[in-house]
Amino acid sequence: MKRRILLGMLLAMMVVGLVSAQTAKTASKKFTIATVVKVDGIAWFDRMREGVVKFGKDTGNTTFLLGPAKADAAEQVKIIEGLIAQKVDAICVVPFSPEALEPVLKKARDAGIIVISHEATNQQNIDYDIEAFVNEEYGAHMMDNLAKFMNYEGEYANFVGSLTSKSHNQWMDGAEARQKEKYPKMKLVSRRNEEYDDQNIAYQKTKELLTKYPNLKGILGSASTTAPGAGLAVEEAGLQNKVSVVGTSLVSSSGQYLKSGAVKMIFFWDPADAGYVMNKMALTLLTGGKITDGMNLGVKGYEKIKRDPQNPKVFYGQAWVDVTPANMNQYNF
């Protein structure tokens, strides 16, 4: 009997040893994690690249960011197809159109590739999606500030990168609902103008809006390119004291218009932090870890991520930042 117990104990120790050795091997292995964004070459995703590269340096893994030259779902698909062929270990993605990416992301997951998304709460073929905040709450917050600059009345227009950009439309859902609820004297005269994450398109469309709606008092932007594009149009028309532009952007893009008054206020979450936490979630899964409610990802705004009660694949941080001319010098991106 004692001999059998001893043999059983030895066998158990061997199993534990093998599991521990395998865990250690997984933890020490270096992985390749790719981040695919909507469009490369704009300030927002240049900043995100900094976070992606930093994560690679911090952990010793191979990390890189790439995206199409223009915001185009078909081009994103081609890039992801190439990454599948390269057999990367994980793909982090900011989709231009979540629906358009479903087939290729399924293909990636079927190939054993971890998939983490951002700005895509409706994405299905993923392991997890990480959001900087609850999108509708962010939109309502932007509306509260636009309303204040407009003295809570008058005509306004809003912009999205595209009608397929999930987060942008969620922000506008939240903004429009807040306006209807709290600011009945405001009127939305031009809804969800698409600018395809292109500052020049935002500029041209704002010029058209200023001509079509001479009583326009406000513009609310979603893509990081809307505020500087609209700000330039407002500045050229000399309407800084009449038209209030607010929206998601970065100081590097909109700082000059904040100074001139053509843009009143911008909001953002640090894209570098978003890139970092996407990669961290991917590595956690690659090394056998779990993503849990209340988890601390070790980055400001993501110290206690919250799981969406309606969608267990979606987690939220609390990471938005308000920027005005008074505090813009605190940010170098």
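Computed from a prediction, not measured in an experiment: that's the story for all the values here.

A. Region of interest: the nonpolar core. Grouped together as the largest cluster of nonpolar side chains are 85 residues, with contacts concentrated most on Met 48, Ile 116, Ile 130, Trp 269 and Tyr 302. Top element by residues in this core is helix H10 (residues 271-286). It accounts for nine residues. Apart from the residues lying within four places of it in its own chain, the contact partners of Ile 130 are Ile 116, Ser 117, His 118, Glu 119, Val 277, Met 278, Met 281, Tyr 302, Ile 305 and Phe 315.

B. Main features of helix H9 (residues 251-260). All of the buried residues along H9 are Val 251, Ser 253, Ser 254, Gly 255, Tyr 257 and Leu 258. Of the surrounding secondary structure, the elements contacted by the buried residues of H9 are helix H2 (43-59), helix H8 (226-236), strand E10 (265-268) and strand E13 (321-323). Of the residues one or two after H9, Gly 261 is the one with positive phi, at around 90°.

C. Broad picture of the pattern of salt bridges. The full count for this structure, using the stated rule, is 15 salt bridges. A salt bridge links Glu 50 to Arg 47, with the shortest nitrogen-to-oxygen separation between them at 2.8 Å. On the criterion of helical spacing, the pair formed by Glu 50 and Arg 47 is a turn pair, its members being three residues apart in helix H2. Residue Arg 178 is joined to Glu 181 by a salt bridge in which the shortest nitrogen-to-oxygen separation is 3.9 Å. Within this pair, Arg 178 and its partner Glu 181 are both found in helix H6 (residues 166-182), separated by three residues, close to a single helical turn.

D. Region of interest: the confidence of the model for the protein. With 92% of its residues at a pLDDT of 70 or more, the protein shows a mean pLDDT of 93. Note on residues 9-25: pLDDT is under 50 here. Beyond four places in sequence and across chains, it has zero contacts.

E. Fine view of the side chain of Thr 121. Assignment of secondary structure puts Thr 121 in the loop between strand E4 (114-118) and strand E5 (128-131). For Thr 121, a relative accessible area of 11% gives the class buried. Reaching out from Thr 121, the side chain makes a polar contact with the side chain of Gln 170 at a distance of 2.9 Å. Excluding anything up to four places from it in sequence, Thr 121 contacts Asp 129, Glu 131, Asn 135, Lys 166, Gln 170, Asn 311, Val 314 and Tyr 316.

F. Inspection of the sheet that holds strand E7 (residues 186-194) at higher detail. The mixed open sheet is built from six strands, whose spatial order is E7-E6-E8-E9-E10-E13. The open sheet has two edge strands with one neighbour each: E7 and E13. If you compare each strand with its neighbour and ignore which way they point, the axes differ by 15° on average. Relative to strand E9 (residues 244-248), helix H5 (residues 135-149) is tilted by about 165°, and along the sheet it contacts strand E6 (154-160), E7, strand E8 (216-221), E9, E10 and E13.

G. Focus on unusual backbone geometry. Although it is not a glycine, Asn 151 sits at a positive phi angle of roughly 60°. Structurally, Asn 151 can be placed in the loop between H5 and E6. Backbone geometry at Asp 197 places phi at a positive 55°, although glycine is not the residue there. Note on placement: Asp 197 falls in the loop between E7 and helix H7 (199-212).

H. Spotlight on the sheet that holds strand E1 (residues 32-36). Spatial strand order, E2-E1-E3-E4-E5-E12-E11: seven strands in an open sheet with mixed pairing. One side of each edge strand has no neighbouring strand; the edge strands of this open sheet are strand E2 (62-66) and strand E11 (306-308). Each adjacent strand pair in this sheet contributes to an overall mean axis angle of 25°, direction not counted. Here helix H3 (residues 73-86) sits on the sheet in contact with E1, E2 and strand E3 (90-93), set at roughly 175° to E1. On the sheet, H10 packs against E1, E2, E3, E4 and E5 and is oriented at approximately 155° with respect to E4.

I. Representation of the environment of Thr 324 within the structure. With respect to the element layout, Thr 324 can be found in the segment after E13. Owing to a relative accessible area of 24%, Thr 324 belongs among the partly exposed residues under this scheme. Considered as a pair, Thr 324 and Leu 258 are 66 residues apart in the sequence and their alpha carbons are 6.9 Å apart. If near-sequence neighbours (up to four positions away) are discounted, Thr 324 is found in contact with Lys 264 and Met 265.

J. Broad picture of the side chain of Glu 131. By the secondary structure assignment, Glu 131 is in strand E5. It turns out Glu 131 is buried and unbridged, and the closest side chain with the opposite charge, Lys 38, is 9.4 Å from it. For Glu 131, the contacting residues outside a window of four places in its chain are His 118, Glu 119, Ala 120, Thr 121, Tyr 302, Val 314, Phe 315, Tyr 316 and Gly 317.

Procedures and definitions
Residues numbered from 1 in each chain as written. Predicted model: local features only at pLDDT ≥ 70, side-chain atom pairs only at ≥ 80, totals over all residues. Heavy atoms only, no water. Core = buried A, V, L, I, M, F, W, Y, C linked by side-chain atoms within 4.5 Å. Buried < 20%, exposed > 50% of the residue type's maximum accessible area, 1.4 Å probe, protein only. Helix = DSSP H or I, 4+ residues; strand = E, 2+ residues; numbered from the N terminus. Contact = heavy atoms within 4.5 Å. Salt bridge = Lys/Arg side-chain N within 4 Å of Asp/Glu carboxyl O. pLDDT = per-residue confidence, 0-100. Polar contact = N/O pair within 3.5 Å; in protein donor to acceptor, adjacent residues only side chain to side chain. Pairing = 2+ DSSP bridges. Axes fitted to C-alpha atoms, helices over the stretch in contact; angles between N-to-C directions. Lys, Arg positive; Asp, Glu negative; His and termini not counted.

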